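In case you want the letters, here they are:
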Amino acid sequence: MTIEEKQEIIRKHENDARVVELCRQYNKSTSTICTILAKKKDIMSAKVAIGVSIIMKQRPQILEEVEKLLLIWIHNKELVGDSVSEAIISSQRSSASTPESHQQQYFMGLE
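**A few points about a nonpolar patch on the surface**
Then comes step 1: On the surface, a cluster of nonpolar side chains totalling about 220 Å² of accessible area is made up of Ile62, Leu63 and Val66.
Then comes step 2: In this fold, Leu63 is placed in helix α5 (residues 61-79).
Then comes step 3: Given a relative accessible area of 35%, Leu63 falls into the partly exposed group.

Structure follows, in structure tokens:
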């Protein structure tokens, strides 16, 4: 379950949705929904890349930035009709050893 889905559950609960309704809607156990609600503060304050499902306190901020840039790069490639596969993404890893500003320009499609 992604962070976005967890945030949606919290918002619905704050708007008076009952736990039992949320369990049915998301096909999750009461325990799962209650755990999400118990971690409300951490989940709602999380600023993570789309699709991230786990919040780790030891997760470096630079990793979040790289993931966001990668998603932007993928989206831009798809917009122009380029094929994007795991192999293509893996082949671009060598750019990770370049200076940070160069990486941002590369991922933003400025090169």
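**Structural notes on the pattern of salt bridges**
Then comes step 1: Enumeration over the complete set of coordinates arrives at three salt bridges.
Then comes step 2: Put simply, Lys40 and Glu14 hold a salt bridge, and the shortest N to O gap is 2.8 Å. With Lys40 in helix α4 (residues 40-45) and Glu14 in helix α1 (residues 3-14), this pair connects stretches of sequence that are 26 residues apart.
Then comes step 3: On the accessibility criterion, Lys40 (36% relative accessible area) is partly exposed.
Then comes step 4: Its relative accessible area of 42% is what places Glu14 among the partly exposed residues.

**Here we look at α5**
Then comes step 1: Compared with the 27 Å implied by 1.5 Å per residue over 19 residues, the 27 Å span of α5 between its first and last C-alpha is a close match.
Then comes step 2: Within α5, the full set of buried residues consists of Glu64, Leu69, Trp73 and Ile74.
Then comes step 3: Directly after α5, the chain includes Gly81, whose backbone phi takes a positive value near 85°.

Rules behind the numbers
The written sequence of each chain sets the order in which its residues are numbered from 1. Side-chain atom pairs in this predicted model are given and counted only at pLDDT of 80 or more, local residue features only at pLDDT of at least 70, and totals for whole chains, interfaces and linings cover all residues. The side-chain quantities take in all heavy atoms of the structure and omit both hydrogens and water. For patch detection, residues must exceed 30% relative accessible area and be free of salt bridges, and they are connected within 9 Å for like charges or within 5 Å for nonpolar side chains (Val, Leu, Ile, Met, Phe, Trp, Tyr). Per-residue accessibility takes into account occlusion by the displayed protein chains alone, with areas from the Shrake-Rupley method and a 1.4 Å probe. Salt bridges are defined by distance alone: a side-chain nitrogen of Lys or Arg within 4 Å of a carboxyl oxygen of Asp or Glu. Strands are runs of DSSP state E lasting at least 2 residues, helices are runs of H or I lasting at least 4, and numbering of each runs from the N terminus. Each residue is assigned to one of three classes by its accessible area relative to the maximum for its type, calculated with a 1.4 Å probe on protein chains only: buried under 20%, partly exposed between the two thresholds, exposed over 50%. Expected helix span is computed as 1.5 Å times (number of residues minus one).

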